[in-house]
Amino acid sequence: MDVRFLGGAREVGRSAILVNGSLLLDYGTLTGNPPQFPVETPEPEAVVASHGHLDHVGAIPSLLSGDRRPPIHWTPPTRELALTLARDTLRLHGGTYDCPFTEEEVRRVTQVSETHGYGESFEAAGHEVTLFDAGHIPGSAHVLVDDGDTRLLYTADFHTDDQRLVSASTARPDADAVICESTYSDVEHEARAAIERRFAESLRATVWEGGTVVVPAFAIGRTQEILLVCEANDIDCYVDGMGKGVTEMLRRHPEFVRDADALRRAKSNARFVDGRDGQRKRIADQNTVIVTTSGMLSGGPAMTYVPAIRANPTNKIALTGYQVEGTPGRDLLERGRAEIDGRVMPISARVEWYDFSAHADREGLLKLLSEYRDVPVFVNHGDRCEAFAAELNGEGYRASAPAVGETVEI
Ligand SMILES: [Zn+2]
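Reading guide: rules and limits
Residues numbered from 1 in each chain as written. Predicted model: local features only at pLDDT ≥ 70, side-chain atom pairs only at ≥ 80, totals over all residues. Heavy atoms only, no water. Pairing = 2+ DSSP bridges. Helix = DSSP H or I, 4+ residues; strand = E, 2+ residues; numbered from the N terminus. Axes fitted to C-alpha atoms, helices over the stretch in contact; angles between N-to-C directions. Contact = heavy atoms within 4.5 Å. Parallel < 35°, antiparallel > 145°, perpendicular 65-115°, else oblique. Left-handed = near helix turned anticlockwise from the far one by under 90°. Expected span 1.5 Å × (residues − 1). Buried < 20%, exposed > 50% of the residue type's maximum accessible area, 1.4 Å probe, protein only. Arc of directions from axis to C-beta. Salt bridge = Lys/Arg side-chain N within 4 Å of Asp/Glu carboxyl O.

## Some points on the sheet that holds strand β7 (residues 122-124)
- Spatially, the seven strands line up as an open sheet ordered β7-β8-β9-β10-β11-β20-β21, and their pairing is mixed. Both edges of this open sheet fall to β7 and β21 (398-400), since each of them pairs with a single strand only. Direction aside, neighbouring strands of the sheet carry axes that sit 25° apart on average.
- Pairing of strand β8 (residues 127-133) with strand β9 (residues 141-146) involves six bridges; the strand directions are antiparallel. When the bridges of β9 are listed, E128 appears paired with D146.
- The strands touched by helix α11 (residues 362-369) within the sheet are β9, β11 (177-181) and β20 (376-380), with β11 carrying the most contacts at an inclination of about 170°.
- Contacting β20 and β21, helix α12 (residues 385-394) crosses the sheet at an angle of about 155° to β20.

Following this line, the structure appears as structure tokens:
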């Protein structure tokens, strides 16, 4: 088997791995200004997508240009999320370099899509492929590829601890080689229950003091996780942005969430904002909690809420995810100010950060890899892939960290 890394190697973003020159695993975007896409332009016979995040599916429609029509294999939620993201990219950037595909190509995605549940093997470009629950977001998968000689496990993004929205990854299929993500290879997450307790107490305290809390959250996974946390802790909230539609979509795929009943309760506990007639400004004046996109304050209704609440120190902004360098969220954390809609604003409201990560930490990565001690491990999807590979080798693994553009033979 030969495996070519077209993106997401020694970096986070634009994940793309070509197996035997014919089967493409993921085809994502590295967000930034300008965004980056996988190197080369593969013409795969088939595509398998691990999960519906931009860095794994963001550029998929561009594989359907001209008369190319490779089938795209994924779980039902991944299909829906990829289409949601593609339409959003079209709406924001259609016709520019930042959007590498057309409306017509997005339409074609629905024609070539083939959905599969976990554990159901299927054929793709002459390979036998099986998806296993990766515990990252609803529909996320570890991808097992068998070309008849070699079995490759591509972990993609995964979590080894339960979250409220999805259960932990437990599948450890036999494999002859593993490509493993390493996003948090030097991080130890605090126990989720403790984070949740602090988060809930903080939100409640601000509301009691008469303040407003804005909770920036990624639309996919994080918004729903926070709504579940709010419901479980009896915290009333509003929800706004792209996370609303994603929440509704997930209600249609109950088999891909940990507790469909809890999600139903979380959805009815949250008031959905439609944004009409200055509704957002009125909500921002209330003594309440607002869960909204974008998670890093780079767009979405947060652009209305943050300026509205920023001047009052009783108010609070509770960030719920990793803040990429150069984003307004990162700026806010480090400097207490943020550039919103082109204007730098000082923020007097209190700012807090909570680690609601959907990725395995170092211990979780090692927990999964301990099942694959005797096979080659290729570390990807991280800022310190080479360092982590070296650490694994020190523990007796056979690990390496291929670069973008590199091909490995297994
Ligand atoms: Zn992801």
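## Section: unusual backbone geometry
- Cis peptide bonds are those with omega within 30 degrees of zero, and the linkage from N33 to P34 qualifies with 0°.
- Checked against the element boundaries, P34 lands in the loop between β3 (23-25) and β4 (46-48).
- Between T293 and the following residue, S294, the backbone shows a cis peptide bond with an omega angle of 0°.
- You will see that L297, though not glycine, has its phi angle at about 60°, which is positive.
- By secondary structure assignment, the location of L297 is in the loop between β15 (289-292) and α9 (302-309).

## Comments concerning the sheet that holds strand β5 (residues 72-74)
- Strands sit in the order β6-β5-β4-β3-β2-β1-β22 across an open sheet of seven strands; the sheet is mixed. At either end of the open sheet lies a strand with only one pairing partner, and these are β6 (113-115) and β22 (407-409). On average, each strand axis in the sheet is inclined to that of its neighbour by 25°, with strand direction left out of account.
- Pairing analysis gives three bridges linking strand β2 (residues 16-19) to β3, with the strands arranged antiparallel. For L18, the partnering residue across the bridge sits in β3 and is L24.
- Relative to the sheet, helix α3 (residues 103-112) contacts β5 and β6, its axis offset from that of β6 by approximately 40°.

## Describing the packing of α11 against α12
- Relative to each other, α11 and α12 sit at 55°, their axes nearing to 13 Å. Relative to α12, α11 is oriented oblique. The way α11 lies across α12 gives a crossing that is right-handed. Listed contacts from α12 to R362, L365, L366 and L369 of α11 are F388, E391 and L392.

## Remarks on helix α4 (residues 192-208)
- Here α4 is 17 residues long and its end C-alpha atoms lie 24 Å apart, about the 24 Å a rise of 1.5 Å per residue gives.
- Of all the positions in α4, only R192, I195, E196, F199, A200, S202, L203 and T206 are classed as buried. Buried positions in α4, seen along its axis, are confined to an arc of 160° and lie on one side of it. Within α4, the exposed residues directed more than 90 degrees away from the buried face are A193 and W208.
- Backbone geometry just after α4 places G210 at a positive phi near 90°.

## Describing the pattern of salt bridges
- Across all of its chains, the model carries 27 salt bridges by this definition.
- Here R362 ties to E391 by a salt bridge, and the two come within 2.8 Å at their closest N and O atoms. Of this pair, R362 sits in helix α11 while E391 sits in helix α12, and the two are 29 residues apart along the sequence.
- According to the relative accessible area criterion, E391 is partly exposed, its value standing at 26%.
- Three or more residues joined by partner-sharing salt bridges are found here, namely D186, R362, R384 and E391.

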